[in-house]
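What the coordinates show
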Amino acid sequence: MASVLLCLTIAWPLTGSAEEQAALPVVADVDFQDLSKTCRRLLEGLQALKAPLAADKTMALQALLKGGKDPEIAAREIQKLLDPLCLVAVSINPESRVKAARGPGRAELVCNRENVVLVKIHNEAGVTHALKVSSPGASAPGEGWLKAKVYAGPREADGLSGQKVEYVLLRLSAREAGKREATLKFDVGQGTQDLGFRAEVPILFRVRPR
């Protein structure tokens, strides 16, 4: 199983920015009730990390979660609301093979602070293992300029929900300011021997001084 980087605890407001990144595809046939449960867990995680969405995004999401709309339309609108905030999109095919792609969210960090960003998961295999992330060259505390960890709940023990679409929180902490590239490596617990079960995505970050 891939090593997970230890890190962080402060907030960075989540806002969206296209920054020349293509929009993520809206996944069809997503169960609204399943998606609403994972979105409520997302909001709880944001509150726990003191990293809320922008007020207008929070209000819009909460309104959608209350129901009242056609469930299929509501599931699509939730994705359209949250997708622009996602730094990375991870897809897991029916054979549990993993792919990762750069999302449209901002790759902007504040140096020596925790920065919280969203990751969209399209889970066709119903995987419930924890999503792991590492950054080559930073596999141990104190190594590398960037630390990364997926937030796994208050007890740091939660895995993926197994639902078709969910959004998880990625905690990032940069030790050096400036423009810097990092390659984030994701896996879902099958280990690192088979390349098909892990995926890498290079990202150019802008790191502002604190």
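As the structure is a prediction and not an experimental result, all values here were calculated from the model.

About the cut-offs
Residues numbered from 1 in each chain as written. Predicted model: local features only at pLDDT ≥ 70, side-chain atom pairs only at ≥ 80, totals over all residues. Heavy atoms only, no water. Helix = DSSP H or I, 4+ residues; strand = E, 2+ residues; numbered from the N terminus. Buried < 20%, exposed > 50% of the residue type's maximum accessible area, 1.4 Å probe, protein only. Contact = heavy atoms within 4.5 Å. Areas by Shrake-Rupley, 256 points an atom, 1.4 Å probe, with all protein chains shown as cover. Polar contact = N/O pair within 3.5 Å; in protein donor to acceptor, adjacent residues only side chain to side chain. Phe/Tyr/Trp six-rings, centres within 6.5 Å; stacked < 30°, edge-to-face > 60°. Pairing = 2+ DSSP bridges. Axes fitted to C-alpha atoms, helices over the stretch in contact; angles between N-to-C directions. Parallel < 35°, antiparallel > 145°, perpendicular 65-115°, else oblique. Left-handed = near helix turned anticlockwise from the far one by under 90°. Nonpolar A, V, L, I, M, F, W, Y, C, P; charged D, E, K, R; others polar. Expected span 1.5 Å × (residues − 1). Arc of directions from axis to C-beta. Core = buried A, V, L, I, M, F, W, Y, C linked by side-chain atoms within 4.5 Å.

**Structural notes on the overall build of the chain**
In terms of helices and strands, the chain carries three helices and nine strands. For the chain, the α and β elements follow one another from N to C terminus as α-α-α-β-β-β-β-β-β-β-β-β. Looking at the chain residue by residue over its 210 residues, the buried ones come to 48%. Residue pairs in contact within the chain that sit at least 24 positions apart in sequence constitute 78% of those at least 6 positions apart. When the accessible surface of the chain is totalled, it reaches about 10100 Å², and 50% of it is carbon and sulfur.

**Description of the side chain of Asp83**
One can find Asp83 in the loop between helix H3 (71–82) and strand S1 (86–92). Within the structure, Asp83 has its side chain in polar contact with the side chain of Tyr167 (distance 2.6 Å). The contact partners of Asp83, leaving out residues within four places of it in the chain, are Leu24, Pro25, Pro104, Lys120 and Tyr167.

**Comments concerning the packing of aromatic side chains**
Given two aromatic rings, their pairing is described by the distance between the two centres and the angle made by the two planes. Here the structure, examined in full by the defined rule, presents one aromatic pair. Ring centres of Trp145 and Phe205 lie 6.0 Å apart, and the angle between their planes is 75°; on these two criteria the pair is classed as edge-to-face. In this pair, Trp145 sits in the loop between strand S5 (132–134) and strand S6 (146–150) while Phe205 sits in strand S9 (residues 198–208), placing the two residues 60 residues apart along the sequence. The exposure classification of Trp145 matches that of Phe205, with both residues buried.

**Comments concerning the sheet that holds strand S2 (residues 98–102)**
With mixed pairing, the five strands of this open sheet are ordered in space as S2-S1-S4-S7-S6. What marks the edges here is a single partner per strand, and that holds for S2 and S6. On average, each strand axis in the sheet is tilted by 25° relative to the strand beside it, whichever way the strands run. Looking at chain direction, S1 and S2 are connected through five bridges and run antiparallel. Residue pairing across strands places Val90 opposite Ala100, the latter belonging to S2. Helix H1 (residues 32–48) contacts strand S4 (114–123) and strand S7 (165–174) of the sheet and is inclined by roughly 20° relative to S7. Against the sheet, H3 engages S1, S4 and S7, with an angle of about 15° to S7.

**Notes on the packing of helix H2 (residues 55–65) against H3**
The contact between H2 and H3 brings their axes to 10 Å, and the two run at 165°. Relative to H3, H2 is oriented roughly antiparallel. In the crossing of H2 with H3, the sense of the turn from one axis to the other is left-handed. The residues of H3 that touch H2, namely those facing Lys57, Ala60, Leu61, Leu64 and Leu65, are Glu77, Ile78, Leu81 and Leu82. Here the contact of H2 with H3 is built from residues that sort into seven nonpolar, no polar and two charged.

**Focus on H3**
The first and last C-alpha atoms of H3 sit 17 Å apart over twelve residues, in line with the 16 Å expected at 1.5 Å per residue. Along H3, the residues that are buried comprise Ala74, Ala75, Ile78, Gln79, Leu81 and Leu82. Taken around the axis of H3, the buried residues stretch over an arc of 160°, which confines them to a single face. Facing away from the buried side of H3 by over 90 degrees, the exposed positions are Glu72 and Lys80. As for H3, its buried residues are in contact with H1, H2, S1, S4 and S7. A distance of 3.0 Å separates the backbone nitrogen of Glu72 from a side-chain oxygen at the start of H3, and that oxygen is part of Asp70.

**Some details on the nonpolar core**
Core analysis: the largest hydrophobic core is formed by 33 residues, its most contacted members being Val90, Leu170, Phe186 and Phe205. Elements represented by at least two residues in this core include exactly S1, S2, S4, S6, S7, strand S8 (178–187) and S9. Here the element with the most residues in this core is S9; it accounts for five residues. Ranked by size, the runner-up nonpolar core spans 29 residues in total, among them Leu49, Ile78, Cys86 and Leu169.

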